[in-house]
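# Descriptive analysis of the structure
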Amino acid sequence: MTVINRIVKPTTHRGKRAILKKEPKLIENIKQILCFKSKKNFTNSSRFYERFA
């Protein structure tokens, strides 16, 4: 088990879990995005959809 250097030392097990969830990760979780087509910026949104679709 690796030693974790942190400023705040948790006093309870629940506090330790909360701090570990907030620490930076080597591999981040998958992000999700929700996109809608719009009429105002059609050129920008169409380029965006072409790249990711």
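What comes next concerns the included structure. None of the values given here were measured: they were computed from a predicted structure. (Residues numbered from 1 in each chain as written. Predicted model: local features only at pLDDT ≥ 70, side-chain atom pairs only at ≥ 80, totals over all residues. Heavy atoms only, no water.)

### Looking at the overall build of the protein
Counted only if it meets this: Numbering of helices and strands starts at the N terminus; helices are DSSP runs of H or I of at least 4 residues and strands are runs of E of at least 2. Working definition: with a 1.4 Å probe on protein chains only, accessible area under 20% of the residue-type maximum means buried, over 50% means exposed, and in between means partly exposed.
Across its full length, the protein carries two helices and zero strands. When each of the 53 residues of the protein is scored for burial, the buried share is 2%.

### Here's the deal with the pattern of salt bridges
Spelled out, the test is: Whenever a carboxyl oxygen of Asp or Glu lies within 4 Å of a side-chain nitrogen of Lys or Arg, that contact is scored as a salt bridge.
With the rule as written, the count across this model stands at one salt bridge. A salt bridge links Glu28 to Lys31; the nearest nitrogen and oxygen atoms lie 3.3 Å apart. Note on Glu28: relative accessible area 55%, which makes it exposed.

### A closer look at the environment of Phe36
Relative to the assigned elements, Phe36 resides in the loop between helix H1 (13-22) and helix H2 (42-52). Taking relative accessible area as the criterion, Phe36 reaches 64% and is therefore assigned exposed. The spacing of Phe36 and Tyr49 is 13 residues in sequence and 9.8 Å in space, taken between C-alpha atoms.

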